[in-house]
Amino acid sequence: MLPEGLKPRRPTATMPLASAVRGRPIRARVRRLRRRARLHLTPRPPPQRLMSTRLLPRITPLLPRRRPNPPVTPALAAALARVLAARATDPTWPRSLAALLPPPLSDARLAAAVSSLADPDLALALISWSKSHYHHDAPTTPLAHSALLRLLARARRFDAAEATLQSMSPAATPTRACLGELSAAYADAGMDRKAAETCARARDLHGALPVARHCNRLLRLLVERRRWKDARNLYDEMLADEGGADNYSTCVMVRGMCLEGRVEEGIKLIEVRWGAGCIPHVVFYNVLIDGYCRRGDIGRALLLLEDMETKGFLPTVVTYSVLINWLGRKGDLEKIGSLLGEMRVRGLCPSVQIYNTVADALCKWQSASQAMSVLKQMFASGCDPDVVTFNTLISAFCREGNVRQAVKLLREAIRMDLEPNQFSYTPLIHGFCIRGEVMVASDLLVEMMGRGHTPDLVTFGALIHGLVVSGQVSEALIVREKMAERQVMPDANIYNVLISGLCKKRMLPAAKNLVVEMLEQNVQLDKFLYTTLIDGFIRSENLSDARKIFEFMEEKGVCPDVVGYNAMIKGYCKFGMMNEAVLCMSNMRKAGCIPDEFTYTTLIDGYAKQGNISAALRFTCDMMKRRCNPNVVTYSSLICGYCKIGDTDTAEDLFANMQSEGLFPNVVHYTILIGSLFRKDKVFQAAEYFEHMLLNHCSPNDVTLHYLVNGLTNCMPSIMNSKYSEAHKKNALLDVFKGLISDGLDPRISAYNAIIFSLCRHNMLEKALDLKEKMPNKGYSPDPVTFLSLLYGFCSVRKPRDWRSVLPNEFQQVELEIICRHETLFDQHVDKSVSCEVSRVLQLYVEEFQSIQQPEVFAGS
């Protein structure tokens, strides 16, 4: 179906025979009769004039040349514009115009005067003056009105153009060219309906559509808007007119087919049109290659690249740019390198767009550091990078957290006289906010505004998101107020980020105020926001308000998704309302939402905390039947549940089964088992889990350390039992703890020292130092054995010179003896190289100690 106003031309009736012999054939017969009469009446010319006498009558005489209208000179055009511009203040302007354009004023002369005016308002005034000045015997002025229509079309004064068309009399037909320009202007403005109507008017008045360069604008618009049928009908009608479709017309149609993935149809159209007013060139190949790439068939696009040479077409920079662009999206960096090498062989220099594409691909598929090599290549090849190049690298470094390097790139872009824009500053502002460097981010925002770039939603959104992520929600609210001052209203995403941050900080009154503000600003609340509010109220242990929001959400027709249902189920389980949680899960299924791992794990955890292991196992079985595999959180809940009822054997079996499933235990699993085993007086199993934990580089948390200290202290009789000590002598934690207790040291300090030594022997020096700093807060001061344990840690990480940072300036003689006595005990559990290094450091310390004590002895004597 053709666009409205563009209807197929009606077939004309057969032309009568009389009209076929009318015109030039009759005039030719009359001239021949007159010539014969003159030949009979005049004397015979001499022989030398015989040829010219016979030849000249056969030559058609030229039509008499019309005297051209005097052109509108620049001086006259300036005078016309000056007089017309002063018509509001000069009452004599009509007479001045009459003097500049004296009668008789022909249509062509008036059209030339109209065309010389750049301002359409002045041209309208000139046409109006001509009508009033020649009001009685005014001739029709189609040329002048057509010139006015061209001016109005170029200025996109479409209302005035429509009024001009309606004011033209039926005898004053607008020219085909001016209608074509008006149609093209409509198309450029996106008004496809008016453009089609104007094309139809040209066809009805002149028997043909406007020329191809004007129709092509409408054809391109129809293709861009995916109106394939209308575009095809217009293209076919252009073909019906002689010379009505050109290369560009066919190329537009081929591009449209390629956008739809119908590349083969585009190739067939080229083959049909080949030679019939269409001579395909390299642009056609570029369009086809882009079509194959867009369809995901890069292999055929590369084959088409090879086929170009066989047809005599050489690929251009644009050809390679298209291929490299799509290869970059796929991450095929090897093929991109091959094409760049092929370009160098052909003597083609990559454009800045190609370099930008390669840099973007390296940033996405490798790293920003490797993408920096592209910048170096650009400088080496003499291709100046643009602001897009730097923006790509700045954004990549900010994503990787290297904001310092990103700032260096920004300064380099400024040094090269490039103008950074919002896309340059926004990633930096976001990156510094995430790092907590709000002042730096604020300075960058001020710098951006100083360069004339007004912050928009994206910039403010990056600043607010970065502040919320870094925990500075109050500062994010201040930025939101600054947005309001600048008349930049937050969108749903910014409100969601702010409300999410407020809920995590449990600042629910402020979150409610933002929700009210959203409703006042007619910002639609989405599923994410409702879920955020529900989760926030549950975190604040306000289940009733969370339930109200969940019900209000359903009343507003916003169907909760899996995340929303999971948040509500989590709330019910948190308050021990397991029946309501199961009912919510049932409603979830009825609404078409499939429960996921989080849903089942939340219910399993809720039942496990109540000690209802049978219900927890029932949901675990249901979870596995529905092909939803348990995760580490599921195992944590079950292990905790079994430990809660005292069944540590089953808990240990679950721990082993989790590892067999390829899931790695975390600190929660180890902590639950260690605490439960100590409570069951299974000291050696607990110590083995702690050793296993350190071997797997799993750092203990405060709860783990609390269980260890209390467990070692409370289970001291079992540890001191000789039978157990012989069986588990190689366990460093128990062996060191027993040795220290046997030497009469404080049990709790000995427990801390045994834990610190175990951490140090597994290269967890930072954690050991942290535990040493926390000892005074628990009421226990580090002793010489603490420093000996840390010395093993420094030597294990090959930093023996740093021992002075933890050892006191001097020890007493008794303390030195304690250190030396326990060195042998500690050496049994470390490598020989470490023990030798510890021995060397202690020897140096003892020598320094003796050198200090020696002068004191002499002074006493």
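See the structure shown above.
Since the model is a prediction, treat every value here as computed from it, not as a measurement. (Residues numbered from 1 in each chain as written. Predicted model: local features only at pLDDT ≥ 70, side-chain atom pairs only at ≥ 80, totals over all residues. Heavy atoms only, no water.)

Novice: What is the right way to read unusual backbone geometry from this model?
Specialist: Excluding glycine, most residues fall at negative phi; most peptide bonds, likewise, are trans. Here the bond from P103 into P104 is cis, since omega is -5 degrees, no more than 30 degrees from zero. Here P104 shows up in the loop between helix 5 (93-100) and helix 6 (107-115). Phi at R226 is positive, roughly 60 degrees, even though this residue is not glycine. Assignment of secondary structure puts R226 in the loop between helix 12 (212-224) and helix 13 (228-240). With a phi close to 60 degrees, N522 is a non-glycine residue in the positive phi region. Among the structural elements, N522 can be located in the loop between helix 29 (508-520) and helix 30 (527-539). Note on N522: relative accessible area 70%, which makes it exposed. (Helix = DSSP H or I, 4+ residues; strand = E, 2+ residues; numbered from the N terminus. Buried < 20%, exposed > 50% of the residue type's maximum accessible area, 1.4 Å probe, protein only.)

Novice: Is there a simple way to think about the packing of aromatic side chains in this case?
Specialist: Centre distance and the angle of the planes are the two values used to describe a pair of aromatic rings. This model, assessed by the stated rule, comprises eleven aromatic pairs. Their ring planes at 20 degrees and their centres at 4.5 Å tell us that F158 and Y186 sit as a pair that is stacked. With F158 in helix 9 (residues 158-167) and Y186 in helix 10 (residues 176-188), this pair connects stretches of sequence that are 28 residues apart. This pair shows no difference in class: F158 is buried, exactly as Y186 is. (Phe/Tyr/Trp six-rings, centres within 6.5 Å; stacked < 30°, edge-to-face > 60°.)

Novice: Can you walk me through the side chain of E181 in this structure?
Specialist: With respect to the helices and strands, the residue E181 is situated in helix 10. On the basis of relative accessibility, which here comes to 17%, the residue E181 falls in the buried class. Polar side-chain contacts of E181 include one of 3.2 Å to the side chain of R154. What E181 contacts, discounting residues up to four positions off in sequence, is R150, A153, R154 and H214. (Polar contact = N/O pair within 3.5 Å; in protein donor to acceptor, adjacent residues only side chain to side chain. Contact = heavy atoms within 4.5 Å.)

Novice: Explain the nonpolar core to me, please; I cannot follow it from the model alone.
Specialist: One recurring pattern in soluble globular proteins is that nonpolar side chains are buried together. In this structure, V114, L126, I324, I499, I674, L712 and I755 are the most contacted members of the largest nonpolar core, which totals 257 residues. Examining the composition of this core, we find that nine residues originate from one element, helix 44 (residues 747-761), more than from any other. Apart from residues lying up to four places away in sequence, L712 is in contact with F678, I719, L733, L734, F737, A751 and I755. (Core = buried A, V, L, I, M, F, W, Y, C linked by side-chain atoms within 4.5 Å.)

Novice: Would you mind going over the environment of V263 with me for this structure?
Specialist: Assignment of secondary structure puts V263 in helix 15 (residues 263-273). Residues V263 and R295 lie 32 residues apart in sequence; the distance between their C-alpha atoms is 8.8 Å. Filtering out sequence-adjacent residues up to four positions away, V263 remains in contact with M257, C258, L288, G291, Y292 and R295.

Novice: Where do I start with helix 44 in this structure?
Specialist: Structurally, the α-helix is built with 3.6 residues per turn, so residues lying three or four positions apart point the same way. Relative to the 21 Å expected for 15 residues at 1.5 Å per residue, helix 44 spans 21 Å between its end C-alpha atoms, a close match to the ideal helical length. With twelve of 15 residues buried, helix 44 is to be regarded as a mostly interior element. Considered for burial, the residues of helix 44 that qualify are I749, S750, A751, Y752, N753, A754, I755, I756, F757, S758, L759 and C760. Where helix 44 is buried, its residues meet helix 39 (683-695), helix 40 (702-714), helix 43 (732-742), helix 45 (765-774), helix 46 (784-796) and helix 47 (813-827). (Expected span 1.5 Å × (residues − 1).)

Novice: So what exactly am I meant to see when it comes to helix 14 (residues 247-259) here?
Specialist: Over its 13 residues, helix 14 runs 18 Å from end to end, which matches the ideal 18 Å to within 8%, given 1.5 Å per residue. Burial of helix 14 is extensive: ten of the 13 residues sit out of reach of the surface. Listed as buried for helix 14 are N247, S249, T250, C251, V252, M253, V254, G256, M257 and C258. Contacts from the buried residues of helix 14 go to helix 12, helix 13, helix 15 and helix 16 (282-294). By the N-cap criterion, in which a side-chain oxygen at the helix start approaches the backbone nitrogen of a residue two or three places on, helix 14 is capped by D246, the distance to Y248 being 3.2 Å. G261 sits one or two residues past helix 14 and shows a positive phi near 85 degrees.

Novice: Explain the pattern of salt bridges to me, please; I cannot follow it from the model alone.
Specialist: Working definition: two side chains of opposite charge can pair if their charged atoms are close together. Considering all chains together, one arrives at 39 salt bridges under this definition. One salt bridge in this structure joins K364 and D360, with 3.3 Å as the shortest N-O distance. Taken together, the positions of K364 and D360, both in helix 20 (residues 352-365) and four residues apart, correspond to about one turn of that helix. Of the charged contacts, one joins D622 and R626 as a salt bridge, the two residues approaching to 3.3 Å between their closest N and O atoms. Judged by its relative accessible area of 21%, D622 is partly exposed. (Salt bridge = Lys/Arg side-chain N within 4 Å of Asp/Glu carboxyl O.)

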